[in-house]
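# Understanding the architecture of this molecule
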2 protein chains.
Amino acid sequence: MNKKIAIVGAGVGGLHLGLYLRQHDVDVTIYTDREPEEYAGLRLLNTVTHHAITVAREKELGVNHWCDETYGYPGQTYYFGGEKPLHFRGDLGSPSRAVDYRIYLPQLMNDFLERGGKIQYKDIQAADLAGLAKSVDLVVVCVGKGTLRDVFARNEKLSPHSAPQRIICAGIYTGIADEEHRNVTLSNSPGNGEIIDLPTVTFQGAGHALLTLNIPGGDTEEWAHLNYDENPRRFLDAMLKKLEKYHPTISARIDPAKFDLANGSRDLLQGGVIPVVREGYIGLGDDKFAIALGDAHATVDPLMGQGANMASYSAFVLGEEIVKQSVIDERFCQIVDDKRRDRVECATHWTNLFLKPPRQETMQAVAQMSENRDMCDEFTKAFNRPEEQWNRFATGARTQRWINSWMN
Amino acid sequence: MNKKIAIVGAGVGGLHLGLYLRQHDVDVTIYTDREPEEYAGLRLLNTVTHHAITVAREKELGVNHWCDETYGYPGQTYYFGGEKPLHFRGDLGSPSRAVDYRIYLPQLMNDFLERGGKIQYKDIQAADLAGLAKSVDLVVVCVGKGTLRDVFARNEKLSPHSAPQRIICAGIYTGIADEEHRNVTLSNSPGNGEIIDLPTVTFQGAGHALLTLNIPGGDTEEWAHLNYDENPRRFLDAMLKKLEKYHPTISARIDPAKFDLANGSRDLLQGGVIPVVREGYIGLGDDKFAIALGDAHATVDPLMGQGANMASYSAFVLGEEIVKQSVIDERFCQIVDDKRRDRVECATHWTNLFLKPPRQETMQAVAQMSENRDMCDEFTKAFNRPEEQWNRFATGARTQRWINSWMN
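Identification of chain A as Styrene monooxygenase StyA putative substrate binding domain-containing protein from Advenella faeciporci is taken from an unreviewed UniProt entry.

So, in structure tokens, the structure goes:
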């Protein structure tokens, strides 16, 4: 069977799938409305980390252009504010790595083109999918925005939220020194939210993204509403002041004189994400189907850094089945859904849980990790495997059992 | 963790799970209302085959008391009536084997007891489950009858039928000669239904069960309603007459003078099964759960010989997770459900499909198998792996593709 696959969307899920299929000589076309050359001029798209499990897939695809030793970060440093602040770290085992997607995505598009992948520059809408399906064996939708967002029904059972749980203000900044271990920092201010200080490959080389995740109504939500262009100084001063107050370990590494967005407001993104899981596929008539991948399937808050990792994982699950199975139909879609289910649902559950005020057992685990490096390493490595993490946090009783297992 | 498991029901699912758990030194109690000694006096319970994949589990458990070479059957002989009858056979690869469950179940109960398993002779009702749960880590329900039947909600999507699709008349008979290859015979009479002539270990040694599956309103339904005890001769004559008319390859092996139920009406079972899939688990309060296994989870028509094989498979999936996982809670139940889902659902879909009038493609596949032994072997071996079979029959297009793959 000479299969023909259409991928709508050129995000990490679509590109990893496209590259995987080209490695297996499948005829694949990506539909996107953006040419590689446009990316450099865009506003910041997001701030995304790839954990080692995803970097390993990039190596398998031959697209790991960013050397682990130079650009990867080896661990995670945690800061939990409160009456008795906790400050500790854990190893990731193998480095994670973040690249500004305005660099990453066009690079992988060019890799895809070089390997015989086809890209059509078209704005595909929901109404176009059935027509697209006629000439291919499968349509894969990797866009969770616009009319395509509503193609796949919301799975209510797995989607407890109808509004963003964090108001995001993310940027690429200058004037931030590396954490002493070159780690990412996850800084938590109870009642206000979290900041991820993410070592990132930027247009200026190795740099820093600050992803601030602000609880609606909290004292740092204003960051997401301040207009940088109207008054850059006011924006930066507001950042600096409350970073010092709520996120001291990040603030301590900032040189106020050099602290600024690296490229003005083009390096700033303000908004929010509604976490949602959608049905995995839909019939397009005539026994053709569209499968949802990445954000089109499950959108998570960026808190746990799971979005790209889920998308890449699902891309490989889908790619493997496309190569292996001889028929692409509803049974095929069910097989794919079954195989990716546990990881996608666990990443979702885990992220959603940590968006809520912490359970007593979670705080107890955090306190114990702050004193037990091996335990913290176990937790930190499991950012690669959300289903393992969920085995520790699905219930307070599970967390208690995990705590107890480290108490002897 | 020293786990403690309660199993309600001593069918094949409960016993295979109990024996598996004893092999791994888990504290396990089976609750049943029947002592091993009672089975010999019971009316025929069912007629059940264990395909090689299940026999392999019995070997792993050390309870395969019925030597393959003596009691197993090597293949399946098919007869499809109609204007141009088809008569052909396929190999199972490794032998399947059927034992009268009035022999099989008490033997495995005694094996279980010998290995430190506990059996409590109690009639457990739905209302007793929560109480039972208090002293154990998990309750496994393997009974699909009485009040326990309704503990697990019917999964409507997977349960298209609300009435039996075949009216069953099953018995252990004398006077039937072995098929020339010692095969099971699956004989199909369009509009009337199917007969499975099953080589079976009986109280009299190697013998034959006739499982007749009669379409409601068809010409053989009367078998299921005739009262043997009232008039044995009338019952047997009605069988003989219509066997000759509709199932000639079975009829040809019957010596009318010797044809009778082996032990009178104790060897006869008349009734019907409503195919149903139920939810896999339910909370019993206090973070305790009951998992459905075997018939309590999914009841299939006996047409494809999948009931015991599904139950044994699910018992091993559950047993492995009980041994492997450190916590038994809802997440545990979901993991088990995920792992057994594909096989259970595919066995259900495949059996339900073959209860319906055949698709054109299915008949074409049958015709081609009648002329292509290798293709028929492939089909026959897949009675061990219903998910593979379903990959061939999920849609007419899939069957057509399978046919085409054998046409070169």
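### Let's talk about a negative patch on the surface
On the surface, a cluster of negative charge is contributed by D33, E35, E37, E38, D123 and D128 of chain A. As for its placement among the helices and strands, D33 of chain A is situated in the loop between β2 (27-32) and β3 (49-50).

### What about the side chain of R97 of chain A?
Residue and element names in this part refer to chain A. Take R97: it is sitting in strand β5 (residues 86-99). Take R97: its relative accessible area is 1%, and that puts it in the buried class. Reaching out from R97, the side chain makes a polar contact with the side chain of E58 at a distance of 3.0 Å. A polar atom in the side chain of R97 sits 2.7 Å from the side chain of N64. With residues up to four places along the chain from it excluded, the contact list for R97 reads T49, H50, V55, E58, N64, W66, Y71, G72, Y73 and Y104.

### Details of the packing of helix α1 (residues 12-23) of chain B against helix α2 (residues 52-61) of chain B
Residues and elements named next belong to chain B. Where α1 meets α2, the axes come as close as 10 Å, and the angle between the chain directions of the two elements is 35 degrees. Seen from above, α1 lies across α2 with left-handed handedness. Counted together, H16, L19, Y20 and Q23 of α1 and T54, E58, E60 and L61 of α2 form the full contact between these two elements.

### Overview of unusual backbone geometry
Of note in this structure, D287 of chain A is not a glycine but carries a positive phi near 60 degrees. Along the polypeptide, D287 of chain A turns up in the loop between β15 (281-283) and β16 (289-292).

### Section: the relation of the copies chain A and chain B
The transformation that overlays chain A on chain B combines an axial shift of 0.0 Å with a rotation of 180 degrees, and the residual RMSD is 0.0 Å. The two molecules are tied by a two-fold rotation axis, judged by turn and shift. Distance from the rotation axis, computed per C-alpha, reaches its smallest value in chain A at D338 of chain A: 3.7 Å. Same-surface contact between copies: 100% of interface residues of chain A are shared with the interface of chain B.

### A word on the sheet that holds strand β6 (residues 118-121) of chain A
All names here are of chain A. Pairing in this open sheet of six strands is mixed, and the strands run β6-β2-β1-β7-β16-β15 from one edge to the other. The outermost strands of the open sheet, each flanked by one partner alone, are β6 and β15. With strand direction ignored, the average angle separating the axes of adjacent strands in the sheet is 20 degrees. As defined by bridge partners, strand β7 (residues 138-141) adjoins β16 across three bridges and the pair is classed as parallel. Residue pairing across strands places V139 opposite A290, the latter belonging to β16. Running over the sheet, helix α4 (residues 101-114) touches β2 and β6 and is turned about 125 degrees from β6.

### Details of the UniProt feature "domain: Styrene monooxygenase StyA putative substrate binding" (unreviewed entry) in chain A
As recorded in UniProt, the sites labelled "domain: Styrene monooxygenase StyA putative substrate binding" (unreviewed entry) are residues 144-253 of chain A. For residues 144-253 of chain A, the helix share is 21%, the strand share is 31%, and the end-to-end C-alpha distance is 36 Å.

### Points about the state of the cysteines
One pass over the structure, following the stated rule, counts zero disulfides over all chains. C142 of chain B forms no disulfide, and the closest cysteine sulfur to it belongs to C333 of chain B, at a distance of 14 Å.

### Side note on the interface of chain A and chain B
Facing 19 residues of chain A, the contacting portion of chain B comprises 19 residues. Taking both sides of the interface into account, the surface hidden between chain A and chain B amounts to around 1,600 Å²; carbon and sulfur atoms contribute 39%. Counting the surface chain A buries against chain B, the share from its top three residues, R331, R398 and R401 of chain A, is 39%. At the boundary of chain A with chain B, the tally comes to six salt bridges. Per element, the largest residue contribution to the side of chain A that touches chain B is seven residues, and it comes from helix α10 (residues 330-355) of chain A. Considering only residue class, the side of chain A that touches chain B consists of seven nonpolar, four polar and eight charged.

### So, the environment of S189 of chain A
All names here are of chain A. Mapped onto the elements of the fold, S189 is located in strand β9 (residues 184-189). Considered as a pair, S189 and E345 are 156 residues apart in the sequence and their alpha carbons are 27 Å apart. If near-sequence neighbours (up to four positions away) are discounted, S189 is found in contact with Y246 and H247.

### Quick word on the pattern of salt bridges
Per the stated rule, a full pass over the model turns up 54 salt bridges over all chains. Notably, a salt bridge pairs R341 of chain B with D338 of chain A, separated by 3.9 Å at the nearest N-O pair. On the criterion of chain membership, the pair formed by R341 of chain B in helix α10 (residues 330-355) and D338 of chain A in helix α10 is interchain, its members lying in two chains. For R102 of chain B, the salt bridge is made with D267 of chain B, and the minimal N-O distance between the two is 2.7 Å.

### With respect to the domain arrangement of chain A
Residue and element names in this part refer to chain A. In terms of domain boundaries, chain A breaks down into domain 1 (4-48 + 99-161 + 274-354), domain 2 (167-272) and domain 3 (359-405). Relative placement of domain 1 and domain 3: their C-alpha centres are 31 Å apart. At the interface, ten residues of domain 1 touch ten residues of domain 3. It is R343, W350 and L353 in domain 1 that bury the most area against domain 3; as a group they hold 52% of the surface buried on that side. Inspection of the region where domain 1 meets domain 3 yields two residue pairs in polar contact (both at pLDDT 80 or more). Taken together, the residues that form the side of domain 1 that touches domain 3 break down as six nonpolar, two polar and two charged.

### A short note on the sheet that holds strand β6 (residues 118-121) of chain B
Residue and element names in this part refer to chain B. With mixed pairing, six strands are arranged side by side in an open sheet as β6-β2-β1-β7-β16-β15. The two strands at the open ends of the sheet, each matched to only one other strand, are β6 and β15 (281-285). The average angle at which neighbouring strand axes cross in this sheet is 25 degrees, direction not considered. As defined by bridge partners, strand β1 (residues 4-8) adjoins strand β7 (residues 138-141) across four bridges and the pair is classed as parallel. Directly across from V8, in β7, lies its bridge partner V141. Strands in contact with helix α4 (residues 101-114) are β2 (27-32) and β6; relative to β6, the strand with the most contacts, it is inclined by about 125 degrees. On the sheet, α10 packs against β7, β15 and β16 (288-292) and is oriented at approximately 15 degrees with respect to β16.

The rules behind these values
- Residues numbered from 1 in each chain as written.
- Chains lettered and ligands numbered in written order.
- Predicted model: local features only at pLDDT ≥ 70, side-chain atom pairs only at ≥ 80, totals over all residues.
- Heavy atoms only, no water.
- Patch = residues over 30% accessible without salt bridge, like charges linked within 9 Å, V, L, I, M, F, W, Y side chains within 5 Å.
- Areas by Shrake-Rupley, 256 points an atom, 1.4 Å probe, with all protein chains shown as cover.
- Salt bridge = Lys/Arg side-chain N within 4 Å of Asp/Glu carboxyl O.
- Lys, Arg positive; Asp, Glu negative; His and termini not counted.
- Charge placed at Lys NZ, Arg CZ, Asp CG, Glu CD.
- Helix = DSSP H or I, 4+ residues; strand = E, 2+ residues; numbered from the N terminus.
- Buried < 20%, exposed > 50% of the residue type's maximum accessible area, 1.4 Å probe, protein only.
- Polar contact = N/O pair within 3.5 Å; in protein donor to acceptor, adjacent residues only side chain to side chain.
- Contact = heavy atoms within 4.5 Å.
- Axes fitted to C-alpha atoms, helices over the stretch in contact; angles between N-to-C directions.
- Left-handed = near helix turned anticlockwise from the far one by under 90°.
- Least-squares fit on C-alpha atoms with pLDDT ≥ 70 in both.
- Pairing = 2+ DSSP bridges.
- UniProt positions renumbered as here; feature names shortened; annotations may be inferred.
- Disulfide = S-S within 2.5 Å.
- Buried area = accessible area lost by both parts, 1.4 Å probe.
- Nonpolar A, V, L, I, M, F, W, Y, C, P; charged D, E, K, R; others polar.
- Domains from an automatic or database assignment.

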